[in-house]
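Chain residues, written in single-letter form:
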Amino acid sequence: MMGHTMRGGMPALTCWLLSLPLVVLFWLGLEAQGGISLGFKALLAPAFEDVDQLLLHYAWWPRLSVALLAGGGLALAGVLMQQVLRNPLASPTTLGVASGANLALMTATLLAPGLLAFGREWVALAGGGLAVGLVFMLAWRRGLAPIVVVLAGLVVNLYLGALATALLLFNHEALSGLLIWGAGSLAQNGWDGVAILWPRLAISCVLAWFLLRPLAVLELDDASAKSLGVSLTHLRFAGMGLAVFITGSIVSVVGVIGFIGLAAPNIVRLAGARRLGERLLWGTLLGAVLLATTDLLLQNFTGLVPMLIPTGAVTGALGAPLLLWLIPRLKLQGNRAPQPSAVLANRHPAPERLAMRLAIGLLLAAALGLLLGQGVSGWYWLSPDNWNVMQWRMPRVLAAAASGLMLAVAGTLLQRLSANPMASPEVLGISGGCAIALILGIFLLPAPTSGMLVGVGTLGAFATLLILVALNRRSGFVPERLLLTGVAVTALFDAVRSVMLAGGDPRGQQVIAWLAGSTYYVDLTSALVVGTLAALLALCTLPLTRWLDILPLGVPTTQALGIAINRARLVLLLLVALLTACATLVVGPLSFVGLLAPHMARLLGMSRARQHLLGAALVGMLLMVLADWVGRQIIFPYEIPAGLVASLIGGAYFMWGLRRL
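Residues numbered from 1 in each chain as written. Predicted model: local features only at pLDDT ≥ 70, side-chain atom pairs only at ≥ 80, totals over all residues. Heavy atoms only, no water.

## Observations concerning the overall build of the protein chain
The secondary structure content of the protein chain amounts to 27 helices and two strands. Split into buried and exposed, the 661 residues of the protein chain put 57% on the buried side. Restricting the contact set of the protein chain to residue pairs at least 6 apart, pairs at least 24 apart contribute 79%. When the accessible surface of the protein chain is split by element, carbon and sulfur atoms take 68% of a total near 27300 Å². (Helix = DSSP H or I, 4+ residues; strand = E, 2+ residues; numbered from the N terminus. Buried < 20%, exposed > 50% of the residue type's maximum accessible area, 1.4 Å probe, protein only. Contact = heavy atoms within 4.5 Å. Areas by Shrake-Rupley, 256 points an atom, 1.4 Å probe, with all protein chains shown as cover.)

## A closer look at the pattern of salt bridges
Inspection of every chain in the model, using the stated rule, returns four salt bridges. Asp295 is paired through a salt bridge with Arg63; the nearest N and O atoms lie 2.7 Å apart. Note that Asp295 is positioned in helix H13 (residues 276-301) and Arg63 in helix H3 (residues 51-85), a separation of 232 residues in sequence. Of the two residues, Asp295 and Arg63, neither departs from the other in class, the shared state being buried. For Arg396, the salt bridge identified is with Asp628, shortest N-O distance 3.8 Å. Taken together, the residues Arg396 in helix H16 (residues 387-418) and Asp628 in helix H26 (residues 609-633) connect sequence positions 232 residues apart. Asp628 matches Arg396 in its accessibility class, with the two residues each being buried. It is possible to trace a salt-bridge network through shared partners that takes in Arg396, Asp628, Arg632 and Glu639. (Salt bridge = Lys/Arg side-chain N within 4 Å of Asp/Glu carboxyl O.)

## Things to note about the packing of aromatic side chains
Evaluated as defined, the whole model comprises eight aromatic pairs. Each ring, one from Phe26 and one from Phe40, has its centre 6.3 Å from the other, and the planes form 65°; the classification is edge-to-face. Taken as a pair, Phe26 in helix H1 (residues 11-32) and Phe40 in helix H2 (residues 36-44) lie far apart in primary sequence, 14 residues in all. Overall, Phe26 belongs to the partly exposed group, its relative accessible area being 22%. We classify Phe40 as partly exposed; its relative accessible area is 35%. (Phe/Tyr/Trp six-rings, centres within 6.5 Å; stacked < 30°, edge-to-face > 60°.)

## Examining the environment of Leu207
Note that Leu207 resides in helix H8 (residues 192-210). We classify Leu207 as partly exposed; its relative accessible area is 41%. Spatially, the C-alpha atom of Leu207 lies 9.4 Å from that of Gly239, the residues being 32 residues apart in sequence.

## A look at the packing of H1 against H3
The N-to-C vectors of H1 and H3 enclose an angle of 170°; their axes lie 13 Å apart at closest approach. Here H3 runs roughly antiparallel to H1, going by the angle between their axes. Along the contact surface, H1 presents Phe26, Gly29 and Leu30, while H3 presents Leu56, Trp60, Trp61 and Leu64. Residue composition of the contact of H1 with H3, grouped by class: six nonpolar, one polar and no charged. (Axes fitted to C-alpha atoms, helices over the stretch in contact; angles between N-to-C directions. Parallel < 35°, antiparallel > 145°, perpendicular 65-115°, else oblique. Nonpolar A, V, L, I, M, F, W, Y, C, P; charged D, E, K, R; others polar.)

## Regarding helix H5 (residues 120-139)
Relative to the 28 Å expected for 20 residues at 1.5 Å per residue, H5 spans 29 Å between its end C-alpha atoms, a close match to the ideal helical length. If you check which residues of H5 are buried, you get Glu121, Val123, Ala124, Gly127, Gly128, Ala131, Val132, Val135, Phe136, Leu138 and Ala139. (Expected span 1.5 Å × (residues − 1).)

## A closer look at the confidence of the model for the protein chain
Fine structural detail should not be taken from predicted coordinates in areas where pLDDT scores are low. On average, residues of the protein chain carry a pLDDT of 79, and 83% of them reach 70 or more. Within the protein chain, helix H7 (residues 172-182) has the poorest average pLDDT of any element, 62, and H8 the best, 91. Between residues 1-8, whose pLDDT stays under 50, and residues either more than four places distant or in other chains, the model counts 21 contacts. Ignoring residues within four places in sequence, the model shows residues 333-344, a span with pLDDT below 50, making 32 contacts including any to other chains. (pLDDT = per-residue confidence, 0-100.)

## A few points about the pairing of strand E1 (residues 372-375)
Of the strand pairs in this sheet, E1 and strand E2 (residues 378-381) are connected by four bridges, and their pairing is antiparallel. Residue pairing in the sheet places Gly375 in a bridge with Gly378 of E2. Count of turn residues in the E1/E2 antiparallel hairpin: two residues. (Pairing = 2+ DSSP bridges.)

## So, the environment of Ser249
Position of Ser249 among the secondary structure elements: in helix H11 (residues 232-254). Relative accessible area serves as the criterion here: at 1%, Ser249 is assigned to the buried category. Separated by 49 residues in the primary sequence, Ser249 and Arg200 place their C-alpha atoms 7.5 Å from one another. In contact with Ser249, not counting residues within four places along its chain, are Glu121, Leu197 and Arg200. Looking at Ser249, its side chain comes within polar contact range of the main-chain oxygen of Phe245, at 2.9 Å. (Polar contact = N/O pair within 3.5 Å; in protein donor to acceptor, adjacent residues only side chain to side chain.)

## Digging into a nonpolar patch on the surface
On the surface, Met10, Leu13, Trp16, Leu17 and Leu20 cluster together into a nonpolar patch covering about 510 Å² of accessible area. Tracing the backbone through its elements, the reader meets Trp16 in helix H1. Relative accessible area serves as the criterion here: at 52%, Trp16 is assigned to the exposed category. (Patch = residues over 30% accessible without salt bridge, like charges linked within 9 Å, V, L, I, M, F, W, Y side chains within 5 Å.)

## Observations regarding the packing of H2 against H3
Contact geometry of H2 with H3 gives a least axis separation of 8 Å together with a crossing angle of 75°. When the interaxial angle is binned, H2 and H3 end up roughly perpendicular. Judged by residue contacts, Leu38, Gly39, Phe40, Lys41, Ala42 and Leu43 of H2 engage Gln53, Leu56, His57 and Trp61 from H3. The residue inventory of the contact of H2 with H3, partitioned by class, reads six nonpolar, three polar and one charged.

This is the structure:
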């Protein structure tokens, strides 16, 4: 399942070499605390009148122990998941298990804190189990094909992240302490975490040892395994159940730790560990080494930055480049060039009439958003000349329509450029790359203006697009690899977001509201600027419709018709970057409108480029205006941001689409 490998490499030697930095950091850490002898004395028999020894005994040593246990446990869970699914990209992070466990703990903290008294790991286990169950349900019809499993994990992660953002938005004070823990904090103030983790992980290791021989059968194909009398369903359930239990136990103690469960198993596989027993042993040891090394390195350099950086966010940031490096080396099912039929569909007999109906629907939705609402006395119709209220509603409706227009056009350009109906700014990570740049701009620039943020966001989106092109150009822009690149960029975005929000900066609440896609902060001047910019950028696509009609036909046909492919791709990608940056600045990075609107327009029969752009633009504006109105009314007087409503609708549609593949 892997491409290039370290032939002749030894997993034991690899683990030993990678453990050398841990030994050095361990020695430096104890030297900084008073020396090796004092450190071991503080561990075994601390002098309670010595503050330094107490800190070593109740903080430093427990933190190191938890890092070793959590790293080893996550790697063990990753090996089990990869074996069960025959998928080198399966891990607690990519399958949504960690996100599900985290959301379950947040929900229990708010709604049923009594459940936590029975054991946080059981709440986390329920959440992780539901998340992986959803992934299985989405991918089952395709025989748990690796790419479908990873895509299902991506959308489940995004969906659960949207729900977690909603909880944070409405309960920021109650959940503010969970931001650091949820980002993967290994800080300890005693041995309680170790006492919780070690017996559970010890039992899990014993169970994994008993499952060793049965799980090895999964290296055969399904027919061969069944001929040996093995129940694949029960075996997969046992293996995944054990992996979910391990992940839930770790998340309940230290929060979400990213990518250790992906990195360690793949590194030992590349080093030559082929048999399951070898991967379980060396993968577990390497996971413990990687997490402990990262945490000790972070502790040594934590004084150089003015904020608290959770270890889990750092492992996520390091894991994203690893995934980008692995993508060209993976042999996944379905590595095929994009087909013209993926984007071209049956034509509607009267596209102009259909566009007129969509335009009428958009006008009705805008009227609904402007005139119908709730007040202290219930529902009421607003008089159009009531400017006191209209001055607040009009900017929101206009901003929602403009952002929907830009995301829909950007999604249409991407789908036709890549001949991939599942492409969109959100799924390919372009919105995530833009959001990374915008968050960094908000926190690092002294007084960022809207124009500066648009420029920064455009650079972030374009940089992401360049990464997509660089990694996928040689493979001919295979849809599966494009989507996997989006998984990696989205993971990097999650890591940056976790670091920024865990720092305790007062701007964190504003960032949370923006990430959720709220139009609350838009005034009339900004809305007019955004609307004008959206209209101009959309008009810029009209002269490019010939390219968009021909590019999905493939490279040979495109070149035969005299189109300079590199120039066409560069112009279209620049336009996508601008559209994504402007829309993300208004409604945040998670809305799925860039996926949903082009897909719905194509299903309606608008297949020619000009018709596709027009239909997607109208559908995108309609969806965002309705999402903004529903968000304002559904739990009045509180609001759900428009981007969050759209992401919940779009994510559900994405999952429905995966289920039907």
